[in-house]
Amino acid sequence: KAGALAGTAFMAIPRAMAGTAKNVLNNLKPRIVRAGEGKTLNVIGDIQLVKLTGADTNGLFTLIEEENDPGVMIPPHVHDNEDEVFKVLEGEMELTVGGETTILKAGDLAFGPRGVPHSWKIVGDKKAKVILSVFPSGIEHMFEELGSLPPGPPDLTRVAEICGRYGIRFIQ
């Protein structure tokens, strides 16, 4: 009798999860974001145009357009909570993920899963435009905090503290 009850309860889990997923998807509202629209952030030199946030996607993902000059880079780091997809629209990006370094050009994309160290640098002789998709959302809050730091050389201790609160740590 207890086994049958446990089996029934276990079978209810997928139905309950499906209901939650359906509610998340049913609450999504269509959104059109035009070229040049979004919230502009300067995140320690990384120029971002935040196009979609967790508020727009019910926490499913964040989408950011980055447009940066050659030499702009993010040092090696690890995300505990998010997966990232980098899609290069223009220019070139040197991406290191999981110990493998490659040059991404217009049309190329790369997947950086959570827990895997990665870094990037804009290379070549012209600006690069990259779409960054982050799953799930939430990282936009960290970027807003970093973007509100005073201009000038960053206080790396403060940067590491902010990033750490969002499950991101820098590595050597």
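Details of the structure are given in the entry above.
What you see is a predicted model; the values in this text were computed from it and never measured.

Caption draft 1: Summary view of the pairing of strand β2 (residues 46-52). Here β2 lies mainly inside the structure; six of its seven residues are buried. As defined by bridge partners, strand β1 (residues 39-43) adjoins β2 across five bridges and the pair is classed as antiparallel. Its bridge partner lying in β2, N42 is registered against I47. Here β1 folds back onto β2 in antiparallel fashion, the turn holding two residues, of which I44 has a positive phi close to 55 degrees. Note that β2 and strand β3 (residues 62-68) share four bridges and pair antiparallel. The residue of β3 that forms the bridge with L49 is E65.

Caption draft 2: Representation of the pattern of salt bridges in the model. According to the stated counting rule, one finds eight salt bridges in the structure shown. Residue D80 pairs with R169 through a salt bridge whose shortest N-O separation is 2.6 Å. Within this pair, whereas D80 is found in the loop between β4 (73-79) and β5 (83-90), its partner R169 is found in strand β11 (residues 168-170), the two being separated by 89 residues in sequence. Among the salt bridges present, the one from E161 reaches R165, with a minimum N-O distance of 2.7 Å.

Caption draft 3: Expanded view of the nonpolar core. Counting 26 residues, the largest nonpolar core has F86, M93, W120, M142, F143 and L146 as the members making the most contacts within it. Among the secondary structure elements, those contributing two or more residues to this core are β1, β5, β6 (92-97), β9 (118-123), β10 (128-135), α3 (139-147) and α4 (156-165). Setting aside anything within four residues of it in sequence, one finds F86 in contact with M93, L95, D108, L109, A110, H118, W120, V130, I131 and L132.

Caption draft 4: Representation of the sheet that holds β6 in the model. Spatial strand order, β7-β6-β9-β4-β11: five strands in an open sheet with antiparallel pairing. Each having just a single partner strand, β7 (100-105) and β11 make up the two edges of the open sheet. Mean inter-strand twist for the sheet, computed between neighbouring axes without regard to direction, equals 30 degrees. With six bridges connecting them, β6 and β7 associate as antiparallel partners. The residue bridging E92 from the neighbouring strand is K105, located in β7.

What counts, and at which threshold
Numbering of residues starts from 1 in each chain and follows the order in which that chain's sequence is written. Where local features are concerned, this predicted model is filtered to residues with pLDDT of at least 70; where side-chain atom pairs are given and counted, the filter is 80 or more; whole-chain, interface and lining totals use all residues. Hydrogens and water molecules were not included; the side-chain quantities draw on all heavy atoms of the structure. Summary of the burial criterion: residues with accessible area below 20% of their type's maximum are buried, those above 50% are exposed, and those between are partly exposed, where the area comes from a 1.4 Å probe applied to protein chains only. Helical segments are the DSSP runs of H or I of at least four residues, strand segments are the runs of E of at least two, and each set is numbered from the N terminus. Strand pairing is defined by DSSP finding a minimum of two bridges between the two strands. Criterion for a salt bridge: a side-chain nitrogen of Lys or Arg within 4 Å of a carboxyl oxygen of Asp or Glu. For the purposes of this section, nonpolar cores are sets of buried Ala, Val, Leu, Ile, Met, Phe, Trp, Tyr and Cys residues that join through side-chain atoms within 4.5 Å. Whether two residues touch is decided by their heavy atoms; if any such pair falls within 4.5 Å, the residues are in contact. What counts as an axis is a line fitted to C-alpha atoms, over the stretch in contact for a helix, and the angles between N-to-C directions run from 0 to 180 degrees.

None of the figures reported here should be taken as evidence of function without further support.
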